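A closer look at the structure
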Amino acid sequence: LLPAHLIAPLFVVEGSGLRTPIKSMPGHFRLSIDELVKEAKELYALGIHTVALFPAIEEKLKTPDAREAFNPQGLNARAIRAVKEAIPDMMVMGDIALDPYSSDGHDGLVDPKTGEILNDPTLEVLAKQAICEAKAGVDIIGPSDMMDGRVGYLRAALDKEGFQNVLIMSYCAKYASGFYG
């Protein structure tokens, strides 16, 4: 196992000069974009050439339709662009799921009348998110949303928009690992 085989998770927040410890993950921090770029440069120098970005957006931006997930000026899109501009050869992976953006806290859209997760409407939003990240420069999308049919749907949406070279790495095996818990 070599550093080049690893993907480093990085957690991003709004602000400047922020490196806030994550209590539940000792040694990991929520980083503002400027600190995220510094961390990515250090990782690249160590031989870790892929990072996965996980945004922690402000509560006021979370909505039932999770529209911040596909905001081209949103935190995640800006973080992707910043890393790619600073380190063009760094592979950047974007998490595809709605839970960071949803006021309901779910990976999928929720029917307000029944409380059911709406699979197909969620796929449409996930596709918008994947395209937004691809436009920002992401190399890999990692759908962690658990919606049925998502990988095929996202591949078709990316291809239609001309992003045939954006890779998809599904998290479908995450539950078979003790690392997820």
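Please refer to the structure higher up on the page.
Below, the structure is looked at part by part. (Residues numbered from 1 in each chain as written. Predicted model: local features only at pLDDT ≥ 70, side-chain atom pairs only at ≥ 80, totals over all residues. Heavy atoms only, no water.)

Looking at the overall build of the protein chain
Rules: We count a stretch as a helix when DSSP gives it H or I for four or more residues in a row; a strand needs E for two or more, and each element gets its number in order from the N terminus. The cut-offs for exposure are 20% and 50% of the maximum accessible area for each residue type, with area from a 1.4 Å probe on protein chains only; residues under the lower value are buried, those over the upper are exposed, and the others partly exposed. Whether two residues are in contact is decided by their heavy atoms, any of which lying within 4.5 Å being enough. Using a 1.4 Å probe, the Shrake-Rupley method yields the accessible areas, and only the shown protein chains count as cover for residues. In this count, Lys and Arg are taken as positive residues and Asp and Glu as negative ones, while His and the chain termini are left out. The atoms used to mark charge sites are NZ of Lys, CZ of Arg, CG of Asp and CD of Glu.
Regarding its fold elements, the protein chain presents four helices and nine strands. Along the protein chain, from the amino end to the carboxyl end, the secondary structure elements read β-β-β-α-β-α-β-β-β-α-β-α-β. Referenced to the eigenvectors of the C-alpha coordinate spread, the extents of the protein chain come out at roughly 50 × 35 × 35 Å. Buried residues in the protein chain amount to 45% of all 181 residues. A sequence separation of at least 24 residues applies to 66% of the contacts in the protein chain between residues at least 6 apart. Within the structure as shown, the protein chain displays about 9600 Å² of accessible surface, and the carbon and sulfur contribution to it stands at 57%. In the protein chain, 18 side chains carry a positive charge and 25 a negative one; their mean positions are 3 Å apart.

Overview of the environment of Tyr-101
Secondary-structure assignment places Tyr-101 in the loop between β5 (91-96) and β6 (109-110). Along the backbone, Tyr-101 and Phe-11 are 90 residues apart, and their C-alpha atoms lie at a distance of 14 Å. For Tyr-101, the residues in contact, after removing those within four places along its chain, are Pro-55, Ile-57, Leu-61, Lys-62, Thr-63, Ala-66, Glu-68, Ala-69, Asn-76 and Gln-129.

Focus: the sheet that holds β5
To keep it simple, the criterion reads: Two strands make a pair as long as DSSP finds a minimum of two bridges between them. Lines fitted to C-alpha atoms define the axes, with helix axes restricted to the stretch in contact, and inter-axis angles between N-to-C directions lie between 0 and 180 degrees.
As summarised here, the arrangement of the seven strands in space is β2-β3-β1-β4-β5-β8-β9, forming an open sheet in which the pairing is mixed. Two strands lie at the open edges of the sheet, namely β2 (19-21) and β9 (167-168), each paired on one side alone. Here β2 pairs with strand β3 (residues 29-31) via three bridges, running antiparallel. Paired with Arg-19 across the two strands is Leu-31, which belongs to β3. Each of β1 (8-12), β2, β3 and β4 (50-55) touches helix α1 (residues 33-45); the most contacted strand, β1, lies at about 170° to it. Of the strands in this sheet, β5, β8 (140-143) and β9 are in contact with helix α4 (residues 150-160), which crosses β8 at around 150°.

Digging into unusual backbone geometry
The phi torsion at Ala-66 lies on the positive side, around 55°, for a residue other than glycine. A positive phi is found at Met-146, a non-glycine position, where the angle reads about 70°. Look at Met-146 and you get partly exposed, because its relative accessible area is 44%.

With respect to the nonpolar core
Formally: In plain words, nonpolar cores are sets of buried Ala, Val, Leu, Ile, Met, Phe, Trp, Tyr and Cys residues tied together by side-chain atoms within 4.5 Å.
One finds Leu-10, Leu-36, Val-51, Leu-53, Val-92, Ile-141 and Leu-158 to be the most contacted residues of the largest nonpolar core, which totals 45 residues. Elements with a minimum of two residues in this core: β1, α1, β4, α2 (75-86), β5, α3 (119-136) and α4. Of the residues forming this core, the biggest block, nine residues, is contributed by α3. Excluding residues that lie within four positions of it along the chain, Val-51 makes contacts with Ile-7, Ala-8, Leu-10, Leu-43, Val-83, Met-90, Met-91, Val-92 and Met-93. Membership of the second largest hydrophobic core comes to six residues, among which are Ala-52, Phe-54, Met-93 and Ile-140.

Section: the pattern of salt bridges
Quick reminder of the rule: Whenever Lys or Arg places a side-chain nitrogen within 4 Å of a carboxyl oxygen from Asp or Glu, that contact is recorded as a salt bridge.
Counted by the stated rule, this structure contains nine salt bridges. In this structure, Glu-59 and Lys-62 form a salt bridge, with 3.0 Å as the shortest nitrogen-oxygen distance. What makes Lys-62 partly exposed here is its relative accessible area of 22%. The closest approach of N and O atoms between Arg-150 and Asp-145, which form a salt bridge, is 3.2 Å.

Focus on the packing of α1 against α2
Rules: These descriptions rest on fixed angle ranges, namely under 35 degrees for roughly parallel, over 145 for roughly antiparallel, 65 to 115 for roughly perpendicular, and the rest for oblique. Take the far helix as your reference; a near helix turned counterclockwise from it by less than a right angle gives a left-handed crossing, and one turned clockwise gives a right-handed crossing. Residue polarity follows a fixed list, in which Ala, Val, Leu, Ile, Met, Phe, Trp, Tyr, Cys and Pro are nonpolar, Asp, Glu, Lys and Arg are charged, and the others, Gly among them, are polar.
Two elements in contact, α1 and α2, have axes whose closest approach is 10 Å; the angle formed by their N-to-C orientations is 40°. Classified by the angle their axes make, α1 and α2 are oblique. Where α1 crosses over α2, the two elements pack in a sense that is right-handed. Listed contacts from α2 to Ile-33, Leu-36, Val-37, Ala-40 and Lys-41 of α1 are Leu-75, Arg-78, Ala-79, Ala-82, Val-83 and Ala-86. In terms of residue class, the contact of α1 with α2 is built from nine nonpolar, no polar and two charged.

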